[in-house]
2 protein chains.
Amino acid sequence: MRISTTAHYASRLLANLATYDSDKPVPAAVLSDNTGISVKFIEKIIRPLKTAGFVRSVRGASGGHMLCIRPEQVTLGQVLRVMEGGVQPPQCCPDQSCGEHDCAARSAWNSVAQALEQTLESITLADLMRDNLDRYPCQ
Amino acid sequence: MRISTTAHYASRLLANLATYDSDKPVPAAVLSDNTGISVKFIEKIIRPLKTAGFVRSVRGASGGHMLCIRPEQVTLGQVLRVMEGGVQPPQCCPDQSCGEHDCAARSAWNSVAQALEQTLESITLADLMRDNLDRYPCQ
DNA sequence: TTTAATTCCGATTAAAATGATCTGGATTGT
DNA sequence: ACAATCCAGATCATTTTAATCGGAATTAAA
């Protein structure tokens, strides 16, 4: 079972963006240099983050992206919901036949999902920024 | 982000198997009837469970599968490790460049993985068996 | 001893999710 | 006007996941 990578990308991006002034647009090219993620891919993953209101962008020459929330206020859970609609527990039965019942298997896996969400809710962007970005470029 | 479905299948299978005498082989066809999972697919997902020592099988006519551990002794975490090698946190950097550093982003995601594993460790097969199987066939 | 029931195993296929790029349009400071 | 930049949708490529297939090996029972 893998922990989401797109949410991971998004959080790295946001954390990197957070190291800049929030009123001076940072071009995607710069974020790309910092993170190693291609400009095109950054453009893609930044879309939902804009829709969610985490990022604001200005177009045209000397445009770019700005974080418009404080890092301590964004949790990994929020990022994950924005990027992939949160944590999806498995369908219990192949044919959905258990949806109506009080099925122990289903509720067990639901509680796993819930616990995971809770953990994700306890970590903010600020937690991802503790290191020096020059020395530890992977944020 | 999706919660593992193969581990879910495996746990359903084991929980169903646990409702039978552990010294009388249950054919895959019966498990298939109970769970709605095809015989062939059951054969496949039961392989690693045998290797792990959770299940024992006898071949030939009137053969089948038997659970050879007690349901309270098998956690979802164990099942998941057997089926897919546990919880994999995301690679921090695309080029692995952060593997050596003390990277906050990496350790944050590692702690998510760890918390998830801990939750999985707290749920056993027995927890998946609380309901009546006739009324709630999806286990 | 034949037959039918069954597990076993590797290969293969099918479907879905993920990761990433492409192409071109729209906007805007210089 | 021009160059820098974001924007949006389509497309491609890769990997993962889900599931099936075909046939060999085993064994109880007829």
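Residues numbered from 1 in each chain as written. Chains lettered and ligands numbered in written order. Predicted model: local features only at pLDDT ≥ 70, side-chain atom pairs only at ≥ 80, totals over all residues. Heavy atoms only, no water.

A. Structural detail: the protein's contact with DNA strand C. Every one of the 27 residues lining DNA strand C counts as a neighbour, but A:Thr5, A:Thr6, A:Ser38, A:Lys44 and B:Ala28 are closest to it. For DNA strand C, a base oxygen lies 2.8 Å from a polar atom in the side chain of A:Lys40. Contacts to DNA strand C include A:Ala61, whose backbone N or O atom sits 3.4 Å from a base oxygen. Listed by contribution, the elements that provide at least two residues to the surface near DNA strand C are helix H1 (6–17) and helix H3 (39–51) of chain A together with helix H3 (39–51), strand S1 (55–58) and strand S2 (64–67) of chain B. (Near = heavy atom within 4 Å. Polar contact = N/O pair within 3.5 Å; in protein donor to acceptor, adjacent residues only side chain to side chain. Helix = DSSP H or I, 4+ residues; strand = E, 2+ residues; numbered from the N terminus.)

B. Fine view of the pairing of strand S2 (residues 64–67) of chain A. All names here are of chain A. Here S2 shows a buried face lined by Gly-64 and Met-66 and a second buried face lined by His-65 and Leu-67. Here strand S1 (residues 55–58) pairs with S2 via four bridges, running antiparallel. Opposite Arg-56, over in S2, you have Met-66 as the bridge partner. The turn joining S1 and S2, which pair antiparallel and follow one another in sequence, is formed by five residues; a positive phi near 80° is taken by Gly-60. (Buried < 20%, exposed > 50% of the residue type's maximum accessible area, 1.4 Å probe, protein only. Pairing = 2+ DSSP bridges.)

C. Looking closely at the packing of aromatic side chains. Residue and element names in this part refer to chain A. Throughout the structure, instances matching the rule amount to two aromatic pairs over all chains. Summarising the aromatic geometry, the rings of Tyr-9 and Phe-41 are spaced 5.6 Å apart at their centres and angled 85° between planes, so their arrangement reads as edge-to-face. Of the two residues, Tyr-9 is situated in helix H1 and Phe-41 in helix H3; the sequence distance between them amounts to 32 residues. Among the residues examined, Phe-41 registers a relative accessible area of 30% and is labelled partly exposed. (Phe/Tyr/Trp six-rings, centres within 6.5 Å; stacked < 30°, edge-to-face > 60°.)

D. How the structure looks around the packing of H1(A) against helix H2 (residues 28–35) of chain A. Residue and element names in this part refer to chain A. Closest axis-to-axis distance for the H1/H2 pair is 10 Å, and the angle between their directions is 110°. For the element pair H1 / H2, the angle class is roughly perpendicular. Judged by the sense of rotation from one axis to the other, the crossing of H1 with H2 is right-handed. The segment H1 lies against H2, with Arg-12, Leu-13, Asn-16 and Leu-17 engaging Leu-31, Asn-34 and Thr-35. Residue composition of the contact of H1 with H2, by class: three nonpolar, three polar and one charged. (Axes fitted to C-alpha atoms, helices over the stretch in contact; angles between N-to-C directions. Parallel < 35°, antiparallel > 145°, perpendicular 65-115°, else oblique. Left-handed = near helix turned anticlockwise from the far one by under 90°. Contact = heavy atoms within 4.5 Å. Nonpolar A, V, L, I, M, F, W, Y, C, P; charged D, E, K, R; others polar.)

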